[in-house]
Protein chains: 2
Amino acid sequence: MMRTLRWASFIVIDTEHIMSSIPSSRGQRIAIDPLDKASRIEGFWQQRVIAEMNDYQFKVARVEGDFIWHSHADTDETFIVLEGELRIDFRDGAMHLRAGEIGVVPKGVEHKPYAAGEVKILLIEPRGVVNTGATHSERTAPNDIWI
Amino acid sequence: MMRTLRWASFIVIDTEHIMSSIPSSRGQRIAIDPLDKASRIEGFWQQRVIAEMNDYQFKVARVEGDFIWHSHADTDETFIVLEGELRIDFRDGAMHLRAGEIGVVPKGVEHKPYAAGEVKILLIEPRGVVNTGATHSERTAPNDIWI
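What counts, and where the lines are drawn
- Residues numbered from 1 in each chain as written.
- Chains lettered and ligands numbered in written order.
- Predicted model: local features only at pLDDT ≥ 70, side-chain atom pairs only at ≥ 80, totals over all residues.
- Heavy atoms only, no water.
- Least-squares fit on C-alpha atoms with pLDDT ≥ 70 in both.
- UniProt positions renumbered as here; feature names shortened; annotations may be inferred.
- Helix = DSSP H or I, 4+ residues; strand = E, 2+ residues; numbered from the N terminus.
- Phe/Tyr/Trp six-rings, centres within 6.5 Å; stacked < 30°, edge-to-face > 60°.
- Lys NZ or Arg CZ within 6 Å of the ring centre and 35° of its normal.
- Buried < 20%, exposed > 50% of the residue type's maximum accessible area, 1.4 Å probe, protein only.
- Contact = heavy atoms within 4.5 Å.
- Buried area = accessible area lost by both parts, 1.4 Å probe.
- Salt bridge = Lys/Arg side-chain N within 4 Å of Asp/Glu carboxyl O.
- Polar contact = N/O pair within 3.5 Å; in protein donor to acceptor, adjacent residues only side chain to side chain.
- Lys, Arg positive; Asp, Glu negative; His and termini not counted.

Trainee: How would you sum up the relation of the copies chain A and chain B? Please name residues and give values.
Mentor: Overlay of chain A on chain B (RMSD 0.0 Å): rotation 180°, translation along the axis 0.0 Å. Each copy turns onto its partner about a two-fold axis. Closest approach to the rotation axis within chain A is made by the C-alpha atom of A:Gly100, at a distance of 4.3 Å.

And the structure:
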């Protein structure tokens, strides 16, 4: 009986660790499908890293509804819409991004993403950027988790 | 007669200058359609800048046929295929990118893009990177021209 239990303990798989570990390739030298990667994420506003270029990361997310107002003091941030339509509000206007379009938010500029329905996005920004900037909220997501 | 000529001289438009000047927005805070931008380029392997994020540039190009072997000593380089199918050869293999897919070439790694038919691509790399790396060739394209 004890022996059976010992063997059983060997097949416990730490899936969270597998999901969050950085691949040795850093997502380089291989074709990566960001839409497919985004589709695998459970839940909205959870960004997942898919590749790195120098000290920048490519991240995907599924988003729906209202995000929060925030800004990034030290960096611009790029959004590429993979599927759906994303609106990014500024204090003095808005940017409407359809699938395939790119929008760059300048550093220090307050913005609030909004998606009427589900939208899949690709984000590009330096490693270590927090999704809600200096504004801590329930929307603040864990960083540097790969998918 | 002289008067007519003088007036005429005012309507000469320097289209090359207009095309190559950097917009005050640097392509930020506006929706940009990279596929549409790429479609407007005449000729292959001519990269055109469409937006900037910090000191990185988003560039589009129409490519067909064989490029040359080259590498970039100081930076990774990202390819996103907008339309068509791109193969990037390495000395020890290849990466096949279909529309919507991302491929990052690590810095210092020799590579040669190849497109059997026309392919439209989005490139992401630091401002100032020469398309043929340290290898000067007839494929070496002018840099920092916006569209």
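Trainee: Tell me what's going on with the UniProt feature "domain: Cupin type-2" (unreviewed entry) in chain A, and back it up with residues and numbers.
Mentor: Under the feature "domain: Cupin type-2" (unreviewed entry), the UniProt entry names residues 66-124 of chain A. The distance from the first to the last C-alpha atom of residues 66-124 of chain A is 20 Å, and the span holds 0% helix and 64% strand.

Trainee: I'd love a proper account of the packing of aromatic side chains, names of residues and values included.
Mentor: Think of a pair of aromatic rings as described by two things: how far the centres are apart, and how the planes are tilted against each other in angle. Summed over all chains, the structure comprises 3 aromatic pairs over all chains. The positively charged end of A:Arg91 is found above the aromatic ring belonging to A:Trp69, 3.9 Å away from the centroid. Its end group placed over the ring of A:Phe90, B:Arg29 keeps NZ or CZ at 4.3 Å from the ring centre.

Trainee: Quick rundown of unusual backbone geometry? Include the residues and the values.
Mentor: For A:Asn54, which is not a glycine, the phi torsion comes out positive at approximately 50°. Its location among the elements puts A:Asn54 in the loop between β1 (48-53) and β2 (56-66). A:Asn54 gets classed as buried once you look at its relative accessible area, which sits at 18%. The residue B:Trp45 is not glycine, and still its phi comes out positive at about 65°.

Trainee: Break down the interface of chain A and chain B for me, citing the residues and quoting the values.
Mentor: Listed by partner, the interface residues are 36 residues for chain A and 36 residues for chain B. Where chain A abuts chain B, roughly 2700 Å² becomes buried across the two surfaces, and 58% of that area is made up of carbon and sulfur atoms. The largest contributions to the chain A side of the interface with chain B come from A:Arg29, A:Met53 and A:Ile102, which together make up 26% of the buried area. Applying the counting criterion to the chain A and chain B interface returns 2 salt bridges. Between A:Arg29 and B:Asp92 there is a salt bridge; the shortest N-O distance is 2.7 Å. Linking chain A to chain B there are 14 residue pairs in polar contact (both at pLDDT 80 or more).

Trainee: Quick one: what's the story with the side chain of B:Lys37, residue by residue and with numbers?
Mentor: All names here are of chain B. By secondary structure assignment, the location of Lys37 is in helix α3 (residues 34-39). Buried and without a salt bridge, Lys37 has Asp36 as its closest oppositely charged side chain, separated by 6.4 Å. Every residue in contact with Lys37, bar those within four places of it in the chain, is listed here: Ile32, Ile50, Val60 and Ile147.

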